[in-house]
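Take a look at the letters that make up each chain.
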Amino acid sequence: MRSFTVPETADGLRIDLFLTQVCDGYSRSQIRAAVQNDAAEIDGRIVRPSFKVRSGQNVRFRLPVPASDDTVPENIPLDILYEDDGMVVINKPAGMVVHPARGNWTGTLTSALAFRFQSLSDVGGPTRPGIVHRLDRDTSGVIVVAKNNAVHLHLSAQWHDRLVQKTYLALTAGRLDRDRDWVHAPIGRHPYQRDKQAIRENHESSKPASTFYEVISRHGRVTQVKVSPKTGRTHQIRVHMAHIGCPILCDRLYAGHAVLTRAGLAKAAGGTGSGAQGDRNCQPDSDPNEVILDRQALHAYQLTLVNPQTQQEMTFTAPLPDDMGRVINLLT
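Residues numbered from 1 in each chain as written. Predicted model: local features only at pLDDT ≥ 70, side-chain atom pairs only at ≥ 80, totals over all residues. Heavy atoms only, no water.

Participant: Explain the pattern of salt bridges to me, please; I cannot follow it from the model alone.
Facilitator: Any two side chains of opposite charge can pair, given that their charged atoms come close. Tallied over the full model, the rule gives 17 salt bridges. Among the ionic pairs, Asp38 bridges to Arg48, the shortest N-O distance being 2.3 Å. In this pair, Asp38 is assigned in the loop between α2 (28–36) and β2 (40–42) and Arg48 in the loop between β3 (45–46) and β4 (58–61), connecting sequence segments 10 residues apart. Residue classification places Asp38 among the partly exposed residues on the basis of a relative accessible area of 38%. (Salt bridge = Lys/Arg side-chain N within 4 Å of Asp/Glu carboxyl O. Helix = DSSP H or I, 4+ residues; strand = E, 2+ residues; numbered from the N terminus. Buried < 20%, exposed > 50% of the residue type's maximum accessible area, 1.4 Å probe, protein only.)

See the structure below:
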């Protein structure tokens, strides 16, 4: 059993949330399950997980048996954009899975984090140490990791309340007619394909989703665009851009192609292998079948949030990766 006195800063928190903050080594789901099984007392009275604590109250809590950590540390280099004693900001490369899942048990971001850092939050459970939010495997860019539970919960609240400003850079396989616009369309599970999402009106799996986009440049049927999702649904940008007829370039699920060759880029940009655009992309000494992009052209470019420890607003930027940069150079 452990005993705590509720500080003023925790006044009004749910008991499971408070205990998650003060008991490192346990996820919130573990804490909640323990409280549900009569493990928490407030001033001698057993309470449920939804009970809200008040400053000055005495809490007694029977710690649950900790779960084993299934994350295997691996010595994988990390591109660290920022670090303090509460969080670390990583520039995730394309191709790296964030946490272990079916078919991807090694080479993950969590394995790299487990090797590099002695302490990470465990709110998300033993297979997701420190993970506050996620990026798709083939999406590169800024991702934030929490080192302790208090910072994790503060960051999660910012995501939940939609206070985090997210900016992505993308290349679309299509020409956007408007310079800027909102896409408001609910997203839910695809009716036939398990790994896809879809625009679904009035379905039990649907949730409201809003995305703002702004065109940076147009090159034939390829558009460079800046995208800011207001909500955070699974595959949101990819689904919304496909919905308006301009899927992300090389998006296997939503664009119908997974690779882009030099000749394919010339054709999409308005050339056919001859003429000015064709000459730039398919010069005589270049291989027209050379693959110049083999993942979805989506990059988490910038993230703005409040540092939980300093209460200062901070903006983190991940430079455009080489593969997307090369496509843009060939287009221009």
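Here the narrative resumes, following the displayed structure.
Participant: Looking at this structure, I do not really get the side chain of Ser205. What am I missing?
Facilitator: Considering the arrangement of structural elements, one finds Ser205 in the loop between β11 (197–199) and β12 (210–219). Of the residues examined, Ser205 reaches a relative accessible area of 15% and is grouped as buried. When residues no more than four places from it in sequence are discounted, the contact partners of Ser205 are Ile187, Gly188 and Arg189. (Contact = heavy atoms within 4.5 Å.)

Participant: For this particular structure, what's the right way to read the sheet that holds β4?
Facilitator: Two orientations exist for strands paired in a sheet by backbone hydrogen bonds: parallel and antiparallel. Strands sit in the order β1-β4-β2-β3 across an open sheet of 4 strands; the sheet is antiparallel. The strands lining the two open edges of the sheet, one partner per strand, are β1 (2–5) and β3. Relative to β4, β1 is paired through 4 bridges, and the arrangement is antiparallel. Paired with Ser3 across the bridge in β4 is Arg60. (Pairing = 2+ DSSP bridges.)

Participant: Just checking my understanding: could you explain the environment of Asn307 for this structure?
Facilitator: Position of Asn307 relative to the elements: it lies in the loop between β16 (298–306) and β17 (313–317). Among all residues touching Asn307, those that are not within four sequence positions of it are Tyr82, Asp84, Met87, Gln312 and Met314. Reaching out from Asn307, the side chain makes a polar contact with the side chain of Asp84 at a distance of 3.0 Å. (Polar contact = N/O pair within 3.5 Å; in protein donor to acceptor, adjacent residues only side chain to side chain.)

Participant: Explanation requested: α2 in the structure shown.
Facilitator: Think of an α-helix as turning once every 3.6 residues; residues three or four places apart then point the same way. What α2 keeps buried is the set Gln30, Ile31, Ala34 and Val35. Here the buried residues of α2 occupy an arc of 130 degrees about the axis, which is enough to place them on one side. Where α2 is buried, its residues contact α1 (15–22), β2 and β4. Looking at the residues trailing α2, positive phi occurs at Asp38, about 70 degrees. (Arc of directions from axis to C-beta.)

That is the geometry; function is a separate question.
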